[in-house]
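Chain and residue survey
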Amino acid sequence: MLRDLIKPYIPEIVSREVTNRALARVLGVSEHHLCRTLKAMGIVRNPAPSRANHTALLAARKSLRTELANSKTVAEAARIAGCSERTIYRLRTKNGT
């Protein structure tokens, strides 16, 4: 029975060390069937890592680009910020410069 085959993998499933796709391939069942069985067994994975750090990075990057767009030439700001000139033009337009 599939439930018996899943039991040794429960810690790895919960800690996200193994994906459903990889485990389904090892067990020889479809990913859909494995997901439904895990849900019926009440096995819940730990939530995915937070995107808070990613959001902070995006805000810092946008702030730097906006500052460069208002203080440098378009070509120079694009080169320093590592983005396209179009992005710099867009940031200048948003800020009314």
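The preceding data block contains the structure.
Let me begin by describing the structure that accompanies this report. (Residues numbered from 1 in each chain as written. Predicted model: local features only at pLDDT ≥ 70, side-chain atom pairs only at ≥ 80, totals over all residues. Heavy atoms only, no water.)

Each helix and strand counted, the chain has 7 helices and 0 strands in total. Reading the chain from its N terminus to its C terminus gives the helix and strand order α-α-α-α-α-α-α. Each principal axis of the C-alpha atoms in the chain carries an extent, and together these give about 65 × 20 × 20 Å. For the chain, restricting intrachain contacts to residue pairs at least 6 apart in sequence, the fraction spanning at least 24 positions comes to 45%. Put simply, the chain shows about 7000 Å² of open surface, and 54% of that area lies on carbon and sulfur atoms. Side-chain charges in the chain split into 18 positive and 7 negative, and the spacing between the mean points of these groups amounts to 7 Å. (Helix = DSSP H or I, 4+ residues; strand = E, 2+ residues; numbered from the N terminus. Contact = heavy atoms within 4.5 Å. Areas by Shrake-Rupley, 256 points an atom, 1.4 Å probe, with all protein chains shown as cover. Lys, Arg positive; Asp, Glu negative; His and termini not counted. Charge placed at Lys NZ, Arg CZ, Asp CG, Glu CD.)

Below, the discussion takes up the nonpolar core. Grouped together as the largest cluster of nonpolar side chains are 10 residues: L2, I6, I13, V18, L23, A24, L27, L34, L38 and I43. Listing elements by their share of this core, those giving two or more residues are α1 (2–6), α3 (20–27) and α4 (31–41). The element that contributes the greatest number of residues to this core is α3, accounting for 3 residues. If we ignore the near neighbours within four places in the chain, the residues touching A24 are V29, S30, E31 and L34. Within the second largest apolar cluster, 9 residues are counted, among which are A69, V74, A77 and I88. (Core = buried A, V, L, I, M, F, W, Y, C linked by side-chain atoms within 4.5 Å. Buried < 20%, exposed > 50% of the residue type's maximum accessible area, 1.4 Å probe, protein only.)

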